[in-house]
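# Per-entry structural report
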Amino acid sequence: MQLLTPHVYWAQRHGEIYLRVELSDAKNLDISLQENNTLQFSAQGHGAKGENEYRFSLEFLEPVKPEICHKSTQRQVDIKIKKQQERWWDRLTLQEKKPLFLAPDFDRWLDESDAEMELQAKEQEKINRINVESRVRKDPYLGLKKGYLFMYNLVQFLGFSWIFVNLTVRLFILGQDSFYDTFHTTADMMYFCQMMAVLEVVNPLLGLVKTGFFPAMIQVAGRNVILFVIFGSLEEMQNRPVVFFVFYLWSTIEVFRYPFYMLACIGTEWKLLTWIRYSIWIPLYPLGVLAEAVAVIQSLPIFDETRRFSFPLPAVLGGSLSFSCPLQLYLVLMFLGLFINFRHLYKQRMRRYRTKKRKVQ
C-alpha cells in the first residue's frame, strides 16, 4: 500500500475551522493535534488514487483548541476545529505558501463580511428566542393539571371498559336475552361515568384542555337526557333492547377515546390507537345518535300516557302540556347536534392527518 496525501478542502468562520477530506470508506482514522499546533491525519480509504493509506499534516496559523470533532461518511471525512480566539484568519497555515493538496471548500466558503453577517444573524436569532421564552411563562401547576387529567381519563376508561366487557360477555353467554336486563346490570356504572363526564364541559372553561366547550356540552347534555330522563325515569324503557344498543355504542367509542387522552397527558402516542380514535366515530357516532333517537321515539307514548314531567298550562289553554312535545323538539335538535359534532370531529381528523402528511413531505 502506498503512502499518499488526500485532497483537503477548508473553510472558516470567526470561531471555527472546517476541513473536508476527500476519502471514502475511511477506516483506522487517527486525527490528533500536536504540541506545535499541527494537525496530524492518518487513515486508510479510497481516495484520488484508489485504495491506499493517506496522511497529511497542517500547522495552523494561530492556536486552536485541542478538542477535534470529526465524522466519517461513505464519501468523505468532515473535521471541525475550534479556534482559541474568535477572529478571522488571513490564511489557514503558518507557512505562507499553500500546500498543493489544500483548496478552498466553496460549498462552505464565506468571506469575512459574509461571515460577520451570518454571526450577527445567529446572535439575533438567539436573542429573539430568549425573548420569546422569557415572555412565555411556565405554568407552575402544569404537572398537577396533567396528573388530574390523566387520573380523570383513567377512571373514565376503567368505567366504560367495565360496561363494554360486561355487555360483551353477557351477549356471548345469553345471546338476545341479555338485551332485556342491560339497564339493571350496568346502569349504576353508566350513571357514575356520565356524571363524571360533566367535567368534560368544565375542563375547557378552566383552560385545562384545548377542546371546544360547545361540542362537549352537546354530547354530555344529550347523553344525560337519554340516560337520566328517558331510561332512568321510565321503568317501561328499562327492559327494552334499545338500552343495550345505546350503552354498547357509547362504551365502544369511549374505550378508545379515553386511553388516547391518557397517553397524550404523558406525551406518548400509539399510532394504531390514534388512528382508531380519529376513525371509529365515523360509523359509531351516527349509529349512537340513531339508537338514541329510537329511545326518544319509543318514550313519547309513555310520557303521553303517564303525564310524567308534563307542564301545567293556564286554564284557558287546557290542563297541561305533555313532556313528549319538548322531546319531539329535542329529537330535531339531536340531529342538528349530530351535524355539529360530526363536522367538529371531521375537522379534528383532517387537521391531525394533514399536519402529519406535511411533516413527512
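Since we're looking at a predicted model, the values are computed, not measured.

Turning our attention to unusual backbone geometry. Backbone geometry at Asp25 places phi at a positive 50 degrees, although glycine is not the residue there. Mapping Asp25 onto the fold places it in strand β4 (residues 24-33). In this structure, Arg307 takes a positive phi of about 60 degrees despite not being glycine. Within the secondary structure layout, Arg307 lies in the loop between α8 (281-306) and β10 (311-312). Exposure remark for Arg307: the relative accessible area of 36% places this residue in the partly exposed category.

Mapping Pro259 onto the fold places it in helix α6 (residues 241-265). Using a relative accessible area of 14% as the deciding quantity, one classes Pro259 as buried. C-alpha of Pro259 to C-alpha of Val21: the two residues are 238 residues apart in sequence and 52 Å apart in space.

With that settled, the discussion passes to the environment of Gln34. Checked against the element boundaries, Gln34 lands in the loop between β4 and β5 (38-47). Separated by 23 residues in sequence, Gln34 and Ser57 place their C-alpha atoms 9.8 Å apart.

Looking now at the pattern of salt bridges. A full pass over the atoms with the stated rule returns 8 salt bridges. The salt bridge partner of Glu22 is Arg20, with a shortest N-O separation of 2.4 Å. Judged by its relative accessible area of 29%, Glu22 is partly exposed.

Before going further, it helps to spend a moment on the side chain of Gln12. With respect to the helices and strands, the residue Gln12 is situated in strand β2 (residues 8-12). There is a polar contact of 2.8 Å between the side chain of Gln12 and the backbone oxygen of Trp89.

Our next topic: the UniProt feature "domain: CS" (unreviewed entry) in the protein chain. Taking the numbering used here, the UniProt-annotated feature "domain: CS" (unreviewed entry) corresponds to residues 3-93. With 0% helix and 65% strand, residues 3-93 has end C-alpha atoms that lie 22 Å from one another.

What follows concerns the packing of helix α5 (residues 213-231) against α6. Relative placement of two packed helices is described by the angle separating their axes and the distance separating the axes. One way to put it is that α5 packs onto α6 with a least axis distance of 12 Å and a crossing angle of 150 degrees. On the basis of their axis angle, the class for α5 and α6 is roughly antiparallel. α5 and α6 meet at a crossing whose hand is left-handed. Residue-level contacts link Gln219, Arg223, Ile226, Leu227 and Phe231 of α5 to Val242, Val243, Val246, Phe247, Trp250, Glu254 and Arg257 of α6.

Another aspect to go through is the packing of aromatic side chains. Applying the stated rule across the entire model yields 20 aromatic pairs. Judged by centre distance (6.3 Å) and plane angle (50 degrees), the ring pair of Phe60 and Trp89 falls under tilted. Of the two residues, Phe60 is situated in the loop between β6 (50-59) and β7 (64-72) and Trp89 in the loop between β8 (77-83) and β9 (102-104); the sequence distance between them amounts to 29 residues. Taking the relative accessible area as the measure of exposure, Phe60 reaches 2% and is therefore buried. Here the aromatic cluster, defined as three or more aromatic residues joined through ring pairs, consists of Phe164, Phe179, Phe244, Phe245 and Tyr248. The ring of Tyr18 has Arg108 lying over it, and the distance from NZ or CZ to the ring centre is 4.4 Å. One cation-aromatic arrangement involves Arg277 over Tyr278; the distance from NZ or CZ to the ring centre is 4.7 Å.

Rules behind the numbers
- Residues numbered from 1 in each chain as written.
- Predicted model: local features only at pLDDT ≥ 70, side-chain atom pairs only at ≥ 80, totals over all residues.
- Heavy atoms only, no water.
- Helix = DSSP H or I, 4+ residues; strand = E, 2+ residues; numbered from the N terminus.
- Buried < 20%, exposed > 50% of the residue type's maximum accessible area, 1.4 Å probe, protein only.
- Salt bridge = Lys/Arg side-chain N within 4 Å of Asp/Glu carboxyl O.
- Polar contact = N/O pair within 3.5 Å; in protein donor to acceptor, adjacent residues only side chain to side chain.
- UniProt positions renumbered as here; feature names shortened; annotations may be inferred.
- Axes fitted to C-alpha atoms, helices over the stretch in contact; angles between N-to-C directions.
- Parallel < 35°, antiparallel > 145°, perpendicular 65-115°, else oblique.
- Left-handed = near helix turned anticlockwise from the far one by under 90°.
- Contact = heavy atoms within 4.5 Å.
- Phe/Tyr/Trp six-rings, centres within 6.5 Å; stacked < 30°, edge-to-face > 60°.
- Lys NZ or Arg CZ within 6 Å of the ring centre and 35° of its normal.

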